[in-house]
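Breakdown of the fold
Here is what each chain is made of, one letter per residue.
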Amino acid sequence: MTYDDLIPVIRRLALEAGDKIMEIYDADDFAVKVKSDSSPVTEADEAADALISAGLRAAFPETLLVTEEQAASHSQHGDTFLIVDPLDGTKEFINRRGDFTVNIALVEDGVPTRGVVYAPARRRMFYTLANGQSVEETGALDKNEPGIVSQISVSNPDNSSLLVVASKSHRDQATDDYINKYNVKDSKSAGSSLKFCLVATGEADLYPRVGRTMEWDTAAGHAVLAGAGGKVVRFDDHSALTYGKDAYANPFFIAYAPGVELKEA
């Protein structure tokens, strides 16, 4: 598998999954179940997962695939793997707030090196090119023919006047306490992995996450942010956030433009 092979496939699968998700989102009603960890799952999660998994396995049968919705994959590990969250922001989807995303990433030696994040209700599409540079694609978003892409880059932040983005569904006092350590000009809420993309485009400088996440929640957004010059570090010691961890569980983390002067936890 080369990056040149990978990028068109994950871009197309993200768009196809987005169409499937929106069919269900726009319906009068849809089924919601509760998983063993008490998190919700909808028929859109399952349909998007089936579509993406089939496409990735057909294109890259030798590459390990880890997806949120297939518990059997969570016990498999390798140095190189594809990791998928077919619908990140399920609560946003259920509440019809629009901030949900399709996420597909490649992890190599603990680092998310390539990825795609597509927000179908927002019609915003972010991905890494084969060379690692991150772009946002606009226009028709044709599945087989990429449209106009614009290179994205993190901000050059002003530490006396920072722009912060935080979780819409999981914001808590611990998050606010940490944000209050900074000089904040504006704070906005967003759902799902879109928060990484807002830092990647320079629409925000800092995204702290003081709460539970899994690697499939973050890998694609992390790849997009890294390809735009950003960083993601552990909340506790500011070391790099790595992937392929036990059970694919993340510690708390901070995603940011490198000019931000990070505060201690």
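Above this text you will find the structure in question.
Residues numbered from 1 in each chain as written. Predicted model: local features only at pLDDT ≥ 70, side-chain atom pairs only at ≥ 80, totals over all residues. Heavy atoms only, no water.

1. Description of the sheet that holds strand E4 (residues 80-88)
Overall, mixed pairing links the 7 strands, which are arranged E3-E4-E5-E6-E7-E8-E9 in an open sheet. Two strands lie at the open edges of the sheet, namely strand E3 (64-67) and strand E9 (148-151), each paired on one side alone. Shown here is a sheet whose adjacent strand axes are inclined to one another by a mean of 20 degrees, direction ignored. One ladder, built from 4 bridges, connects strand E7 (residues 124-128) with strand E8 (residues 134-138); its direction is antiparallel. Counterpart to Met125 in the pairing with E8 is Glu137. Packing against the sheet, helix H2 (residues 43-59) makes contact with E3, E4 and strand E5 (101-108), and its axis sits at approximately 155 degrees to E4. Docked against the sheet, helix H6 (residues 215-227) engages E3, E4, E5, strand E6 (111-119), E7 and E8, running at close to 100 degrees with respect to E6. (Pairing = 2+ DSSP bridges. Helix = DSSP H or I, 4+ residues; strand = E, 2+ residues; numbered from the N terminus. Axes fitted to C-alpha atoms, helices over the stretch in contact; angles between N-to-C directions. Contact = heavy atoms within 4.5 Å.)

2. As for unusual backbone geometry
Residue Ala247 is not a glycine yet carries a positive backbone phi of 60 degrees. Assignment of secondary structure puts Ala247 in the loop between strand E13 (231-234) and strand E14 (253-256). One non-glycine residue, Tyr248, lies in positive phi territory at about 60 degrees. Residue position: Tyr248 is located in the loop between E13 and E14.

3. Re the side chain of Thr42
Looking at where Thr42 falls in the secondary structure, it is placed in strand E2 (residues 40-42). Owing to a relative accessible area of 1%, Thr42 belongs among the buried residues under this scheme. Here the side chain of Thr42 touches Ala44 through a polar contact of 3.1 Å, landing on its backbone nitrogen. Within the local environment of Thr42, its side chain forms a polar contact with the side chain of Asp45, the two groups lying 2.6 Å apart. Once residues within four sequence positions are removed from consideration, Thr42 is found in contact with Phe30, Ala31, Val32, Leu87, Thr90, Phe93 and Ile94. (Buried < 20%, exposed > 50% of the residue type's maximum accessible area, 1.4 Å probe, protein only. Polar contact = N/O pair within 3.5 Å; in protein donor to acceptor, adjacent residues only side chain to side chain.)

4. Comments concerning the packing of helix H1 (residues 3-25) against H2
For the pair H1 and H2, interaxial distance at closest approach is 9 Å and the crossing angle is 160 degrees. Overall, the two elements H1 and H2 adopt an arrangement that is roughly antiparallel. Seen from above, H1 lies across H2 with right-handed handedness. Contact residues: Val9, Ile10, Leu13, Glu16, Ala17, Lys20, Ile21 and Ile24 in H1; Glu43, Ala44, Ala47, Ala48, Leu51, Ile52, Gly55, Leu56 and Ala59 in H2. Here the contact of H1 with H2 is built from residues that sort into 13 nonpolar, 1 polar and 3 charged. (Parallel < 35°, antiparallel > 145°, perpendicular 65-115°, else oblique. Left-handed = near helix turned anticlockwise from the far one by under 90°. Nonpolar A, V, L, I, M, F, W, Y, C, P; charged D, E, K, R; others polar.)

5. A short note on the nonpolar core
In this structure, Phe81, Ile83 and Leu225 are the most contacted members of the largest nonpolar core, which totals 35 residues. At the level of secondary structure, the elements contributing two or more residues to this core comprise E3, E4, E5, E6, helix H5 (194-200), H6 and E14. It is H5 that provides the largest number of residues to this core, a total of 6 residues. Residues contacting Ile83, with those up to four places away along its chain left out, are Val66, Asn103, Ile104, Ala105, Val107, Glu215, Trp216, Ala219 and Tyr248. Among the nonpolar cores identified, the runner-up in size contains 33 residues, and Ile24, Ala48, Leu87 and Tyr118 belong to it. (Core = buried A, V, L, I, M, F, W, Y, C linked by side-chain atoms within 4.5 Å.)

6. Some thoughts on the packing of aromatic side chains
In this description, an aromatic ring pair is defined by two values, namely the gap between the centres and the angle between the planes. Applying the stated criterion to the full structure yields 12 aromatic pairs. Consider the rings of Tyr178 and Tyr182, whose centres lie 5.3 Å apart with planes at 75 degrees: the pair is edge-to-face. Neither Tyr178 nor Tyr182 differs from the other in exposure class; each is buried. Ring geometry for Phe196 versus Tyr207: centroids 5.3 Å apart, planes at 85 degrees, classification edge-to-face. Of this pair, Phe196 sits in helix H5 while Tyr207 sits in strand E12 (residues 206-209), and the two are 11 residues apart along the sequence. Given the relative accessible area of 2%, Phe196 is considered buried. Site record: aromatic cluster; members linked through ring pairs are Tyr25, Phe30, Phe93 and Phe100. Its guanidinium or amino end placed over the ring of Tyr25, Arg96 lies 5.8 Å from that ring's centre, counting from NZ or CZ. The lysine or arginine in question, Arg114, covers the ring of Tyr3, its NZ or CZ lying 3.7 Å from the ring centre. (Phe/Tyr/Trp six-rings, centres within 6.5 Å; stacked < 30°, edge-to-face > 60°. Lys NZ or Arg CZ within 6 Å of the ring centre and 35° of its normal.)

7. Re the environment of Ala58
Secondary-structure assignment places Ala58 in helix H2. The spatial distance from the C-alpha of Ala58 to the C-alpha of Asp217 is 23 Å, given a sequence separation of 159 residues.

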